[in-house]
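The chain contents come next:
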There are 4 protein chains.
Amino acid sequence: MSDRGPALTCKVDLRVRYSETDQMGTFYNSRALEWFEVGRTELLRLVSVPGNEASGYAGIEAQGIMLPLVVAHVDYLGRAKYDDVLEMTVQAHMPGKARVRFDVRIVHADQNHAPVAGGYTVHAVTGSSGKPIRPPSWFVKAFTRTDQ
Amino acid sequence: MSDRGPALTCKVDLRVRYSETDQMGTFYNSRALEWFEVGRTELLRLVSVPGNEASGYAGIEAQGIMLPLVVAHVDYLGRAKYDDVLEMTVQAHMPGKARVRFDVRIVHADQNHAPVAGGYTVHAVTGSSGKPIRPPSWFVKAFTRTDQ
Amino acid sequence: MSDRGPALTCKVDLRVRYSETDQMGTFYNSRALEWFEVGRTELLRLVSVPGNEASGYAGIEAQGIMLPLVVAHVDYLGRAKYDDVLEMTVQAHMPGKARVRFDVRIVHADQNHAPVAGGYTVHAVTGSSGKPIRPPSWFVKAFTRTDQ
Amino acid sequence: MSDRGPALTCKVDLRVRYSETDQMGTFYNSRALEWFEVGRTELLRLVSVPGNEASGYAGIEAQGIMLPLVVAHVDYLGRAKYDDVLEMTVQAHMPGKARVRFDVRIVHADQNHAPVAGGYTVHAVTGSSGKPIRPPSWFVKAFTRTDQ
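Scoring rules and cut-offs
Residues numbered from 1 in each chain as written. Chains lettered and ligands numbered in written order. Predicted model: local features only at pLDDT ≥ 70, side-chain atom pairs only at ≥ 80, totals over all residues. Heavy atoms only, no water. Least-squares fit on C-alpha atoms with pLDDT ≥ 70 in both. Buried < 20%, exposed > 50% of the residue type's maximum accessible area, 1.4 Å probe, protein only. Helix = DSSP H or I, 4+ residues; strand = E, 2+ residues; numbered from the N terminus. Pairing = 2+ DSSP bridges. Contact = heavy atoms within 4.5 Å. pLDDT = per-residue confidence, 0-100. Buried area = accessible area lost by both parts, 1.4 Å probe. Salt bridge = Lys/Arg side-chain N within 4 Å of Asp/Glu carboxyl O. Polar contact = N/O pair within 3.5 Å; in protein donor to acceptor, adjacent residues only side chain to side chain. Nonpolar A, V, L, I, M, F, W, Y, C, P; charged D, E, K, R; others polar.

1. Side note on the relation of the copies chain B and chain A
Right, on to step 1. For these two chains of identical sequence, chain B goes onto chain A by a turn of 180° and a shift of 0.0 Å along the axis, with RMSD 0.0 Å. The superposition of one copy onto the other is thereby described by a two-fold rotation axis.

Listed below in structure tokens is the structure:
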């Protein structure tokens, strides 16, 4: 990330579900990617989609723009048990003309904010057929800092 | 089920994945419904779809016929741990003109075939828009015993 | 349910996650059971566990009491898409001396509260070894109406 | 990986389950990590655990050795639809004294072996309390090539 920081950032709280634990007693590893997606959803809600009823990613998809994953990376930093409350911070920017990257950090809401997981996902920007597209200007603007 | 028995039946083996366990050390309850679906997939592979490349449920969906769930019922009969091998028996019949029912029983492959779960799912027959349809005759025939 | 109604009831809101959709565009069927569990978690938070730091089900488990599923039943009543907000109502009572039953109903928060799913789960009351136990009086009391 | 190659390698076939699809019509991204785990399970079955009835990872866990994830990385390389058959190749080695790394590549069994996903997971070696341990020699030997 540049020292200007990303244009978009948000915080999301979530609780570890029983279904998300495994026999080690902590969350099962793939669940981190589902939480990352919950974070992206909330962050994309900040993107206003012109001329569309649906907001956020549902609205973006309704415009025929998909954001399929290209890369996912997770660093597992600590345990989280059933019903623990977690705080997730998500930041987004465009590292290329048809790429969006989300950086995520998850810590405990209690327990001195002990870290749980960090990582990122990189997404292509495609049409509904799956072909890469140049995103429209309202999309690009949403991911670019304008306060300079 | 009538005393003639259902037209279609099959057996499927599967292993409990680590991701399917929870902190109680057995499989998480919702996983039974995912296993039921694996069983339906194998059973529907026995249905030959006329004039279609794809076989089974993928071929049925390609013909514009969907089988959304209406009811799911699971009786949990025993524990199953990570990497246990399970044997699933699936039977299907049509209890109504636009309904398909799958009866499922899951036991341990070892451990004297100790029972793990039983239950059933009932499905509507709809077009791709979700509206109920009368299934074509090749579909009905597949679910009806002909050896009488 | 008796006409006295159950002792415990609560409401929970949740959003459909992208990971919970399937290629039919609605939530995948097994997800309903994960939502039921989110509802049970919130309802069990109303149960105060004597002499224990952890509240709710985590506190109950810390006391060596487990509530493994015996039966799960889901009626699928309508579709729910990614990011839809759902309202879940959960009620609990004890239909037997070592049984707890949770009745669940899920409707859309918007869309005129169109129904999404209903059903119930029945749970045994066991010790941490999995053997059935008679639950302690504080447990029974929590599930019994006292305003008569 | 060194040019000697890893000590352990295996191939696993799997089918995309309906529950693993999402509304984009391909597998949901977190499922790749569940498949990686299925691959690890099969590869670890090649590790003979001395003096233990259970084989593979279940046997390793029964010896009090856990392999919690430290890092997971996935490159998404192509789509895979419901019921597609996938071929997964897994290789393992120890990049450090208390670290195991699994490299995974998933391609279509048909469709000219078009790539689906690649990546790796890095695991700590810990006791059942979660504390890092030096693995016993039978463990280290299993991950080291001996044909030199």
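2. Considering the pairing of strand E2 (residues 69-76) of chain A
Right, on to step 1. Judged by how many residues are buried, E2(A) sits mostly within the fold: 6 of 8 residues are covered.
Right, on to step 2. Of the pairings in the sheet, the one linking E2(A) to strand E5 (residues 115-124) of chain A comprises 7 bridges and is antiparallel in character. Residue A:His73 lies in a different strand from E5(A), and its bridge partner there is A:Tyr120.
Right, on to step 3. Direction of pairing for E2(A) relative to strand E2 (residues 69-76) of chain D: antiparallel, over a ladder of 5 bridges. Paired with A:His73 across the two strands is D:His73, which belongs to E2(D).

3. A look at the relation of the copies chain D and chain A
Right, on to step 1. Of the two same-sequence chains, chain D is brought onto chain A (RMSD 0.0 Å, axial shift 0.0 Å) by a rotation of 180°.
Right, on to step 2. Comparing interface residues between copies, 100% of those in chain D also lie at the interface in chain A; the contact surface is shared.

4. A short note on unusual backbone geometry
Residues and elements named next belong to chain B.
Right, on to step 1. A positive phi angle, near 55°, is found at Asn-112, a position not held by glycine.
Right, on to step 2. Summarising the element assignment, Asn-112 is placed in the loop between strand E4 (99-108) and strand E5 (115-124).
Right, on to step 3. What makes Asn-112 exposed here is its relative accessible area of 78%.

5. With respect to the confidence of the model for chain A
Right, on to step 1. For chain A, per-residue confidence averages 91 on the pLDDT scale, and 92% of positions sit at 70 or higher.
Right, on to step 2. As scored by the predictor, the complex reaches a pTM of 0.93 and an ipTM of 0.91.

6. With respect to the interface of chain D and chain A
Right, on to step 1. Contact with chain D, which involves 23 residues of that partner, is made by 23 residues of chain A.
Right, on to step 2. Interface area for chain D against chain A, summed over the two sides, is near 1,800 Å², with a carbon-plus-sulfur share of 54%.
Right, on to step 3. Here chain D is connected to chain A by 0 salt bridges.
Right, on to step 4. At the junction of chain D and chain A, the tally comes to 11 residue pairs in polar contact (both at pLDDT 80 or more).
Right, on to step 5. Mapped by element, the contributors of at least two residues to the side of chain D that touches chain A are helix H1 (31-44), helix H2 (56-62) and E2 of chain D.
Right, on to step 6. With 8 residues, E2(D) is the single largest residue contributor to the side of chain D that touches chain A.
Right, on to step 7. Its residues assigned to classes, the side of chain D that touches chain A comprises 14 nonpolar, 4 polar and 5 charged.

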